[in-house]
Amino acid sequence: MTRKYFGTDGVRGRVGQSPITPDFVMRLGYSAGKVLVENESARGQLKAGVRPAVLIGKDTRISGYMLEAALEAGFSAAGVDVCLVGPMPTPAVAYLTRALRLQAGIVISASHNPFYDNGIKFFSAHGSKLDDALETRIEAGMDMPLVCVQSAELGRARRIDDAAGRYIEFCKSTFPNDLDLRGLKIVVDCAHGAAYHIAPHVFHELGAEVIAIGAEPNGLNINKDVGATAPAALSKAVLAHQADLGIALDGDADRVMMVDAAGQVYDGDQLLLAVVRSRLRQGPVAGVVGTLMTNLAFEHVLAGLKVPFARADVGDRYVLEMLGEKGWLFGGENSGHILCLDRHTTGDGIVSALQVLCALREEGGDLGSLLGQLVLYPQVLINVPLVKGFSWKDQPRISAAREAVEAGLGSEGRVLLRASGTEPLLRVMVEGRDAEKVQASAETLAAEVREAVSS
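Treat the numbers as computed from the prediction; the structure is a model and nothing was measured. (Residues numbered from 1 in each chain as written. Predicted model: local features only at pLDDT ≥ 70, side-chain atom pairs only at ≥ 80, totals over all residues. Heavy atoms only, no water.)

**Q** Hey, could you go over the overall build of the chain for me, with residue numbers and the actual values?
**A** Counting its secondary structure elements, the chain contains 14 helices and 18 strands. In terms of overall size, the chain behaves like a compact globule, its C-alpha atoms giving a radius of gyration of 23 Å where 455 residues would be expected to give roughly 23 Å. If you line up the chain on its principal axes, its C-alpha atoms span 70 × 60 × 40 Å. A total of 455 residues make up the chain; the buried ones form 55% of that total. Considering only contacts within the chain whose residues lie at least 6 apart along the sequence, 69% involve residues at least 24 apart. Charged side chains in the chain number 45 positive and 54 negative. The centres of these two groups are separated by 3 Å. (Helix = DSSP H or I, 4+ residues; strand = E, 2+ residues; numbered from the N terminus. Rg over C-alpha atoms; globule rule 2.2 N^0.38 Å. Buried < 20%, exposed > 50% of the residue type's maximum accessible area, 1.4 Å probe, protein only. Contact = heavy atoms within 4.5 Å. Lys, Arg positive; Asp, Glu negative; His and termini not counted. Charge placed at Lys NZ, Arg CZ, Asp CG, Glu CD.)

**Q** So what's going on with the nonpolar core? Which residues, and what values?
**A** If you look at the biggest cluster of nonpolar residues, it comprises 71 residues, and the most contacted ones within it are Phe203, Ile247, Val288, Ile350 and Leu357. It is helix α11 (residues 349-363) that provides the largest number of residues to this core, a total of 9 residues. Contact partners of Ile247, with chain neighbours within four places excluded, come to Ile186, Val187, Val188, Asp189, Phe203, Leu234, Val256, Met257, Met258, Ala353 and Leu357. Counting residues in each nonpolar core, the second largest holds 26 residues, with Phe6, Phe24, Val54 and Leu67 among its members. (Core = buried A, V, L, I, M, F, W, Y, C linked by side-chain atoms within 4.5 Å.)

**Q** Explain the sheet that holds strand β4 (residues 104-108) to me, using residue names and the numbers behind them.
**A** Spatially, 6 strands are ordered β1-β5-β4-β2-β3-β6 in an open sheet, and the strand pairing comes out mixed. Whereas interior strands pair on both sides, the edge strands pair on one side only; in this sheet they are β1 (11-14) and β6 (157-159). Direction aside, neighbouring strands of the sheet carry axes that sit 20° apart on average. In this structure, strand β2 (residues 53-58) lies alongside β4, joined through 5 bridges in parallel fashion. Of the residues in β4, the one forming a bridge with Lys58 is Ile108. The strands that helix α2 (residues 63-77) touches are β2, β3 (81-87), β4, β5 (117-124) and β6; relative to β2, the one it contacts most, it runs at about 170°. Across the sheet, helix α3 (residues 90-99) is in contact with β2, β4 and β5; its angle to β4 comes to roughly 165°. (Pairing = 2+ DSSP bridges. Axes fitted to C-alpha atoms, helices over the stretch in contact; angles between N-to-C directions.)

**Q** Give a description of the sheet that holds strand β16 (residues 379-385) that names residues and reports values.
**A** Backbone-to-backbone hydrogen bonds pair the strands of a sheet. The strands run either parallel or antiparallel. Ordered in space as β16-β18-β17, the 3 strands form an open sheet in which the pairing is antiparallel. In the strand order of this sheet, the two ends are held by β16 and β17 (413-419), each with one partner. Each neighbouring strand pair of the sheet contributes to a mean axis angle of 15°, computed without reference to strand direction. Relative to strand β18 (residues 425-432), β16 runs antiparallel, the two sharing 7 bridges. Each bridged residue has a counterpart across the sheet, and for Asn383 the counterpart in β18 is Arg427. Helix-sheet contacts for helix α14 (residues 435-454) involve β16, β17 and β18, and the interaxial angle to β16 is about 10°.

**Q** Just give me the short version of the pairing of strand β7 (residues 185-189), but keep the residues and values in it.
**A** Of all 5 residues in β7, 4 are buried; the element is thus mostly enclosed. Strand direction decides the pairing type here: β7 and strand β8 (residues 209-213), joined by 5 bridges, are parallel. Within the sheet, the bridge partner assigned to Val188 lies in β8 and is Ala212. After leaving β7, the chain enters helix α6 (residues 199-205) and then returns to the sheet as β8, a path that is right-handed. Relative to strand β9 (residues 245-249), β7 is paired through 4 bridges, and the arrangement is parallel. Bridge pairing in β9 links Ile186 to Leu245. (Right-handed = clockwise from strand over helix to strand, strands pointing away.)

**Q** Could you give an account of the packing of aromatic side chains, naming the residues involved and the relevant values?
**A** One pass over the full model with this rule turns up 6 aromatic pairs. Between the aromatic rings of Tyr95 and Phe170, the centroid separation amounts to 4.2 Å while the plane-to-plane angle is 15°, which identifies the pairing as stacked. Here Tyr95, found in helix α3, pairs with Phe170, found in helix α5 (residues 163-173); they are 75 residues apart in sequence, far enough to count as distant. Each member of the pair Tyr95 and Phe170 is classed as buried. Members of the aromatic cluster, each reached through a chain of ring pairs, are Tyr95, Tyr167 and Phe170. In this structure, Lys326 is placed above the aromatic ring of Trp328, and the distance from its NZ or CZ to the ring centre is 5.1 Å. (Phe/Tyr/Trp six-rings, centres within 6.5 Å; stacked < 30°, edge-to-face > 60°. Lys NZ or Arg CZ within 6 Å of the ring centre and 35° of its normal.)

**Q** So what's going on with the pairing of β4? Residues and values would help.
**A** By the criterion of burial, β4 is predominantly enclosed, with 5 of the 5 residues buried. Side chains Ala104, Ile106 and Ile108 project from β4 onto one buried face, and the interleaved Gly105 and Val107 project onto a second face that is buried too.

Structure below.
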């Protein structure tokens, strides 16, 4: 069965438009609840008076109130108890679901998107994202009638008041006990998102002087000109406060960017390399997973360190899947999703930042000297419009042009052609050591694609 609603990261869309409507979300909760009840029954875990239980967290979007109520109603109608934690980072929901031995965790968030979007994503009892088979079963159940269980079997709801404190302590536990952050002045940008009441406390309790920005959510300002997708605000604040470094999270705090004292921004590739080099001081690293967009310089540096490297499709879900297949622990995207599976089951912006700070404390110096060791190759991306039904992969002209560009770049560069998943565009990406050659190659290849489309 082809999934109709679930994408690479749950269900997402514009609030008020299908599928992000109250009736759809209630049915989604009901269907997911029925699947959980069936699973627990099959495992022989359901006894009289015992119901499955799930955890529901959300970011700071105003629509979260509405969608939270709809999900709660759906789960209750299916006979599933609900634990509510309010605004909470996505990785916190993954952790708390596992720590509290619940059957699933649900996050109401559209991550780095504007406030008028929202979404629903699920975590398993183990704190990992649901596999395709379970999502397919949930979708199939949404076509079935919504039949409420008997009144005595309805799910109950309760709030977990100490959820934030539990997660703060978990984050701190991923930082070595013999290290601290004393003497560091850190600007923490919470993107007016789910970590606004958590991230500043984590770094402060480890000893840093913390200046918080993007920590005044009003339901409408999440990710607006702040956070990991708009790091200019963090750079400006670091310079204004003469801070040692800055940390920017996105709306649900599963990705991170960092800034040094000079205001220079460092992306996910650079941060991941710092983590890998730190782990290499403790012992061998079996391998690292990036994506099709991971900078070629990162791959070359890993080769010099004799660390195997593999590329997954774009999306932290695919990075996680490949890590599982290979039995590796470290991976990420240049967008700031970083996976350290020796610390957490999912990408976590706060935990990832702490691993970079651990490397900084181990090596000494400042963030610029630590992360500047990876000099990213120039990368040019050109979007070429496609006409409906145009099969670019079957065009000999495009294939020939790509081969010619790749031959010209040799081992010093690479080419990526990738169709957009949301727009009728072909993304033409070229990167390599020589900026002028990269620019010229990208323009040449894009021109050939345009000619092939027009003809």
